[in-house]
Amino acid sequence: MKKLALNDEILLTIDKPARYIGNEVNIVKKDPEGKVRVAFAFPDVYEIGMSHIGMQILCHMFNQREDTYCERVFSPWPDLHKIMKEQKIPLFALETQDPIRDFDFLLVTLQYEMAYTNILQLLELSQIPFRSADRKEQDPIVVGGGPCTYNPEPIADFFDIIYIGEGETVYDELLDLYKSHRESGRYDRKEFLHEAAKIPGLYVPSLYEVTYQEDGTIASFTPVYDDIPRTIQRQVVSDMSTAVYPDRPLVPYIKITQDRVVLEIQRGCIRGCRFCQAGMIYRPLRERDLEFLKEKAYQMLSSTGHEEISLSSLSSSDYSGLEELLNYLIDNFKEKHVNISLPSLRIDNFSLDIMGKVQDIKKSSLTFAPEAGSQRLRDVINKGLTEEDILHGAGLAFDGGWQKVKLYFMLGQPTETLEDMQAIGQLAEKIAERYYEIPKDQRNGKCQITVSTSFFVPKPFTPFQWFPMCTKEDFLNRAHVVSESIGSQLNRKSIKYNWHEADVTVIEGILARGDRRLSDVLVKVYEKGGIFAAWSDFYDDSMWQDAFSECGIDPNFYTVRERDENEIFPWDFIDAGVTKQFLWREWQRALAGEVTPNCRQKCSGCGAMKYKGGVCCENKN
């Protein structure tokens, strides 16, 4: 390995120096000479970024190309950030320890809005200008991708290209275009970006102009050239079983957030929960072939030595081969004491047999997400769960030997009433009562129910994108109602209550539905020291409020304001599959409390059939 970018004196003074030295198990080593150099950045700390399966998939994909070398970079923790700024140490990639400014591309994955100021940290420490308009010929091409690109406008000025869709699709075309421009000997940054804008799914913000009405809403959004598309088409992987997937994941030397093998069993969701952006933008549901998953599970567990495998998807219970896959994993890895993690299970679709088999390996708490306490509100959000389903599923879990249950809810959803909030405590009580119906000598200790509430953010490409958010004060009042409801229950000692930070949620809501005018706010917050805003230890609401004031921005414009049916949204130039007409229909059905069947029960005409794959083809006949 080359000499480290940080000397021993620095490494000995910072927290967890292993974050910055690379050389992990299964690391890819190449000679960078003559290759297209790609730095894949996760704008958060190493432990978070290394837990993200999307990063491992795309790094593996890039490194399969002989002409490309993809390396990783993460946000330096505040202690190292300070040292790097003071000593003018350029940000570097883990594999070669070379400065990011020397790379051809800097790819930044955008997983959550509160990491936006860390994008500016990455750029400043890399000595790359914040804004695309200020970059020179020798600067890397800065590309953004991930779920937050479904409204990229608050950060559009910071990116040369924004990739709309699933990363396995058109990156090869982009890299080939770049190579041809470089090899021609006449590379011109602006000309390259103009040509890149013609590749499906690639949005070049500098080539689009936005105008605004007097009331602040968008008047028009138009391309500056006639030969680039007015609408950016989301790119979709049609066959998940032929798509690239790592077989030798990196194994860090320090503990990371998700320290396990992650096996993505399917992409998309059939359920149609109206609050869920992922359930809309990843349509249609596409399953990976069972034999493919068995092979990948064996390869990844064998090559890493991990003792846990997580079956990842938006709704694991809906994978058609789940039972067979679980039986395979149990039969082949039980003696090696490999734990199987099943996130995103629906409480109405739970098998006592499967639960018992998994529990034989390792007992842990079970997590369910009713999202709302009352049946009325669950129908509004199209959760598709009845109270009977919830209690029956919890009963199966308790009968199977579990006594710890985590329940997730959201506060501030459309039409929510006092009774809906109080129903959260009442539902937790009914679940506790179901546990204590088990004879005392057959119980597995005391019942432990943890109720967690987050505060609702209306996201783009959901039926609730028209809905006004609550204020910080209103959110906290709602949490107080739930706390009182839980405190009044008979089994309150068995129920613990947590809630999310309200001020952070408001900022998230502003950034989720914001426009290009917010880029100045983000720069101001960063200049005030606002990095790692997703971490409560570092979040400072006063920085944000001061930045809004200094930029002349009214935060309420983006949050508490109700949207008109015909308003042009900042993200309307993206075709994500689901149509705006479908989302409006679902918004009206929500207000009427009408449930929409899931995709396997009946096609709702959302628009995703245009991709000609997955569950849409299952229901064709």
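Since we're looking at a predicted model, the values are computed, not measured.

So, how was this worked out
Residues numbered from 1 in each chain as written. Predicted model: local features only at pLDDT ≥ 70, side-chain atom pairs only at ≥ 80, totals over all residues. Heavy atoms only, no water. Helix = DSSP H or I, 4+ residues; strand = E, 2+ residues; numbered from the N terminus. Rg over C-alpha atoms; globule rule 2.2 N^0.38 Å. Buried < 20%, exposed > 50% of the residue type's maximum accessible area, 1.4 Å probe, protein only. Contact = heavy atoms within 4.5 Å. Areas by Shrake-Rupley, 256 points an atom, 1.4 Å probe, with all protein chains shown as cover. Lys, Arg positive; Asp, Glu negative; His and termini not counted. Charge placed at Lys NZ, Arg CZ, Asp CG, Glu CD. Salt bridge = Lys/Arg side-chain N within 4 Å of Asp/Glu carboxyl O. Pairing = 2+ DSSP bridges. Axes fitted to C-alpha atoms, helices over the stretch in contact; angles between N-to-C directions. Parallel < 35°, antiparallel > 145°, perpendicular 65-115°, else oblique. Left-handed = near helix turned anticlockwise from the far one by under 90°.

Enquirer: Quick one: what's the story with the overall build of the chain, residue by residue and with numbers?
Expert: Each helix and strand counted, the chain has 20 helices and 19 strands in total. Relative to the 2.2 N^0.38 estimate, which gives 25 Å for 621 residues, the radius of gyration of the chain is 25 Å and therefore close to what a compact globule would have. Counting across all 621 residues of the chain, residues that qualify as buried make up 59%. Counted over contacts in the chain with a minimum sequence separation of 6, partners at least 24 positions apart contribute 77%. By element, 47% of the accessible surface of the chain is carried by carbon and sulfur atoms, the whole surface being about 25,300 Å². Each charge sign in the chain was given a centre, from 73 positive and 94 negative side chains, and these centres are 2 Å apart.

Enquirer: Before we move on, can you summarise helix α16 (residues 502-512) with the specific residues and values?
Expert: Counting buried positions along α16 gives eleven out of eleven residues, so the element sits mostly inside the fold. When α16 is considered as a whole, its buried residues turn out to be A502, D503, V504, T505, V506, I507, E508, G509, I510, L511 and A512. In this structure, the buried residues of α16 make contact with α5 (116-125), β17 (448-455), α15 (472-487), α17 (519-527) and α18 (541-551).

Enquirer: Lay out the pattern of salt bridges in plain terms, naming residues and giving numbers.
Expert: According to the stated counting rule, one finds 49 salt bridges in the structure shown. Between R65 and D176 there is a salt bridge whose closest N-O contact spans 2.8 Å. Of this pair, R65 sits in the loop between α3 (53-63) and β2 (68-74) while D176 sits in helix α6 (residues 171-183), and the two are 111 residues apart along the sequence. Under the relative-accessibility criterion, D176 is labelled partly exposed at 42%. Through salt bridges with shared partners, a single network forms among E166, E168, R234, E264, R267, R286 and R288.

Enquirer: Explain the sheet that holds strand β3 (residues 105-109) residue by residue, including any values.
Expert: In space, the six strands of this open sheet follow the order β2-β1-β3-β4-β5-β6, with mixed pairing throughout. Only two strands of the sheet have a single neighbouring strand rather than two, namely β2 and β6 (202-203). Bridge count for strand β1 (residues 36-42) against β3 is four bridges, and the pairing is parallel. Paired with V38 across the strands is F105, a residue of β3.

Enquirer: Which residues make up the pairing of strand β8 (residues 218-223), and what values go with them?
Expert: Side-chain positions along a regular strand alternate between the two faces of the sheet. In terms of strand pairing, strand β7 (residues 208-212) meets β8 through five bridges, oriented antiparallel. Within β8, the position partnered with Y212 by the bridge is I218. Between the end of β7 and the start of β8, which pair antiparallel, lie five residues, with G216 showing a positive phi angle near 95°.

Enquirer: Got a sec to walk through the packing of α6 against helix α7 (residues 189-196)? Specific residues and values, please.
Expert: Between α6 and α7, the shortest axis-to-axis distance is 11 Å and the interhelical angle comes to 150°. Here α6 is positioned roughly antiparallel relative to α7, judged by the angle of their axes. Of the two possible hands of crossing, α6 and α7 adopt the one that is right-handed. Across the interface between the two elements, L174, L177, Y178 and H181 from α6 touch E191, F192, E195 and A196 from α7.

Enquirer: Go over α17 with me, naming the residues and quoting the values.
Expert: Taken residue by residue, α17 has S519, V521, L522, V523, V525 and Y526 as its buried positions. In this structure, the buried side of α17 is in contact with α4 (78-87), α5, α16 and α18. Phi turns positive one or two residues past the end of α17, at G529, with a value near 100°.

Enquirer: An account of the environment of N598 is needed here, citing residue identities and associated values.
Expert: Positionally, N598 belongs in the loop between α19 (580-591) and α20 (615-618). Aside from chain neighbours lying at most four places away, what touches N598 is I270 and R271.

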